[in-house]
Amino acid sequence: MSEARIEGYARALFEIARAEGTLDEVEDELFRFARAYESSDALRNALTDEMVPVERRQGVVESLLGAQATATTVQLVSMVVGSGRGRDLPAIIDRLVARASQSKDLAVAEVRSAVALSDDQQARLRAALANATGHEVNLKVVIDPSVVGGLVATVGDTVIDGSVRTRVDQLKSRL
Amino acid sequence: MNLFAVIAAGEIDPARSIHWLWPAAAELIYGSLASILIFGLLYKFAGPAVRKAMADRTAKIQGELDASAEARSSAESEAADIRRAAGDIAAERQRLLAEADSQAEALLSEGRARLTAEIADLEARAEADQAAAASRVGDELRTEISRLAAEVSDRLLADTLDDPAQQALIESFIQKVGSSS
């Protein structure tokens, strides 16, 4: 899909969520859904297979998100999948998250961790990243077992890697 | 006394023959004169034509003789050419046979050399393949060992990294990031 089209979808989703007054929740849920979409081949195939009828793909979205996300989130994802743009969901959602963060003058900070972070940890991490980058950040935590331990934070083009995985890889390459 | 003297002497009747084989005298005279006249006329008028015909015939025969001689000479020349050519053919045959022998020898020698080179090349390639296979197997083995080692180390790490360790790592990260500016 072209950049302009991705940007168009992201803007539309952003405006709908803002109009509904659920922008924070929706962008958070969409961000989590995008990461799940990226990490699951089965989900990707189910939502992008042209041979599967659109209604059925939308049914998959509703059964997956229905109980765990707001109605707006479910409808937005269902709309994108229904228009045959399921393949571009992560790009559209990332653009939406960036737009939502910009609207609040925040930088998106994607943090990968092997285990979930407590609210306190997230608050302190948010403050630490703001201190390190000089920007207030919109913290997005992704549970990624491949990190093994520690955290990897990405703010814009800056990557702060404190993961056990990277240390092990460095050790392996040194060996 | 000859017959004419006898006739002139009137001793013989010119109208009668003196012998049954011999014509009468008058007939003999007139006949002789007529014959002479005829031969004279023949000589006078037919002679040139006859002489010309004879000369032509002679010339024709001479021409045929000359042509025959020329044909014979030509045939002899051709025979000589053929004999010479036959000699040349034999020499050419010998030359061609010698050349064919030489070429066959060269081909054989070249074939032997090529075969030897190919055998050497095949042996070298087989050795290289063998070495590559050994190296590949070694690489695969090393890769597999590395993979297994990584898997084991990941499992060990996962076992080692219990919740307190995870929390410690997270806290360490937050502290480290917070202290940098």
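Everything numeric here is computed off the predicted structure, so don't read it as measured data.

Enquirer: Which residues make up the interface of chain A and chain B, and what values go with them?
Expert: Counting residues at the interface gives 24 residues for chain A and 16 residues for chain B. Both sides together, the interface formed by chain A and chain B hides about 1,600 Å², and carbon and sulfur atoms give 65% of it. At the junction of chain A and chain B, the tally comes to one salt bridge. Between the two partners, chain A and chain B, sit five residue pairs in polar contact (both at pLDDT 80 or more). Only helix 7 (119-133), strand 3 (150-155), strand 4 (158-163) and helix 8 (164-174) of chain A provide two or more residues apiece to the side of chain A that touches chain B.

Enquirer: Quick rundown of the environment of Val97(A)? Include the residues and the values.
Expert: All names here are of chain A. With respect to the secondary-structure elements, Val97 resides in helix 6 (residues 89-103). Taking the C-alpha atoms as reference, Val97 lies 9.5 Å from Leu23; in sequence the two are 74 residues apart. Beyond its immediate sequence surroundings of up to four residues, Val97 is in contact with Glu27, Phe31, Val108, Asn138 and Lys140.

Enquirer: Residue-level account of the side chain of Glu27(A), with values.
Expert: All names here are of chain A. Relative to the helices and strands, Glu27 resides in helix 2 (residues 23-39). The exposure class of Glu27 is buried, given its relative accessible area of 2%. Of note is the side chain of Glu27, whose polar atom sits 3.0 Å from the side chain of Lys140. The residues touching Glu27, leaving out its near neighbours within four places in the chain, are Leu96, Val97, Ala100, Lys104, Asn138 and Lys140.

Enquirer: Describe in detail the sheet that holds strand 2 (residues 137-143) of chain A, supporting the description with residues and values.
Expert: One open sheet holds the four strands; their spatial order is 2-1-3-4 (chain A), and the pairing between them is mixed. Every interior strand has two partners, whereas the edge strands, strand 2 and strand 4 of chain A, have only one. Sheet twist, expressed as the mean angle between neighbouring strand axes with direction ignored, is 15°. Here five bridges tie strand 1 (residues 107-113) of chain A to strand 3 of chain A, and the two strands are oriented antiparallel to one another. Considered in strand 3 of chain A, the bridge of Ala109(A) is made with Val155(A). This element, helix 8 of chain A, spans strand 3 and strand 4 of chain A of the sheet and lies at about 80° to strand 4 of chain A. In the packing of helix 3 (residues 163-179) of chain B onto the sheet, the strands contacted are strand 1, strand 3 and strand 4 of chain A, and the crossing angle to strand 3 of chain A comes to about 35°.

Rules of the game
- Residues numbered from 1 in each chain as written.
- Chains lettered and ligands numbered in written order.
- Predicted model: local features only at pLDDT ≥ 70, side-chain atom pairs only at ≥ 80, totals over all residues.
- Heavy atoms only, no water.
- Contact = heavy atoms within 4.5 Å.
- Buried area = accessible area lost by both parts, 1.4 Å probe.
- Salt bridge = Lys/Arg side-chain N within 4 Å of Asp/Glu carboxyl O.
- Polar contact = N/O pair within 3.5 Å; in protein donor to acceptor, adjacent residues only side chain to side chain.
- Helix = DSSP H or I, 4+ residues; strand = E, 2+ residues; numbered from the N terminus.
- Buried < 20%, exposed > 50% of the residue type's maximum accessible area, 1.4 Å probe, protein only.
- Pairing = 2+ DSSP bridges.
- Axes fitted to C-alpha atoms, helices over the stretch in contact; angles between N-to-C directions.

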